[in-house]
Amino acid sequence: MKISTKGRYGLTIMIALAKKHGEGPTSLKSIAKDHNLSEHYLEQLIAPLRNATYVKSVRGAYGGYMLAKEPEEITAGDIIRVLEGPISPVEVVDDEEPAKRDLWIKIRDAVKDVLDSTTLNDLATYEDTGEQEYYMFYI
């Protein structure tokens, strides 16, 4: 499963808002500047997140966006589903061999479990210990 820039940048927005949670609204302009991203693109991503009631907007000179829920209540899976659609790394075909079909289902469920058990708070307060090995898997 490959997460597109929609999912990646959407997580960036939400993590930035989680880090500022409780401090008032944050402008997309400041998020775009801090992460060297297109403000126009972020504006396109914030609309579905607002429609899904994960963020709320505040109008005015000191307006911007803020989380509509606590960071512990929003998962990475919630955000990815809003921006990318259903989480399904492999399409399961009914007439496929049972062993392969079961493998695809296990992979799908493992990805869902990781995304659904990782909250915005986890991502916003993450501290890199340098112990993680990076692998590139192509499925």
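Report follows, based on the coordinates. (Residues numbered from 1 in each chain as written. Predicted model: local features only at pLDDT ≥ 70, side-chain atom pairs only at ≥ 80, totals over all residues. Heavy atoms only, no water.)

A look at the overall build of the protein
Here is step 1 of the chain: Broken down by element type, the protein carries six helices and two strands.
Here is step 2 of the chain: Along the protein, helices (α) and strands (β) appear in the sequence α-α-α-β-β-α-α-α when read from the amino end.
Here is step 3 of the chain: If you line up the protein on its principal axes, its C-alpha atoms span 60 × 35 × 25 Å.
Here is step 4 of the chain: Burial status across the protein gives 31% buried among its 139 residues.
Here is step 5 of the chain: Look at the contacts in the protein between residues 6 or more apart in sequence, and 63% of them connect residues 24 or more apart.
Here is step 6 of the chain: When the accessible surface of the protein is summed, it comes to about 9,400 Å², and 50% of that surface belongs to carbon and sulfur atoms.
Here is step 7 of the chain: Counting 17 positive and 23 negative side-chain charges, the protein places the centres of these two groups 7 Å from one another. (Helix = DSSP H or I, 4+ residues; strand = E, 2+ residues; numbered from the N terminus. Buried < 20%, exposed > 50% of the residue type's maximum accessible area, 1.4 Å probe, protein only. Contact = heavy atoms within 4.5 Å. Areas by Shrake-Rupley, 256 points an atom, 1.4 Å probe, with all protein chains shown as cover. Lys, Arg positive; Asp, Glu negative; His and termini not counted. Charge placed at Lys NZ, Arg CZ, Asp CG, Glu CD.)

Quick look at helix α3 (residues 39-51)
Here is step 1 of the chain: Its 13 residues give α3 an end-to-end C-alpha distance of 19 Å, which sits within 8% of 18 Å, the value for a rise of 1.5 Å per residue.
Here is step 2 of the chain: Contacts made by the buried residues of α3 are with α1 (5-19), α2 (28-35), β1 (55-58), β2 (64-67) and α4 (76-84).
Here is step 3 of the chain: Positioned one or two residues after α3, Thr-53 has a phi angle of 60 degrees, which is positive. (Expected span 1.5 Å × (residues − 1).)

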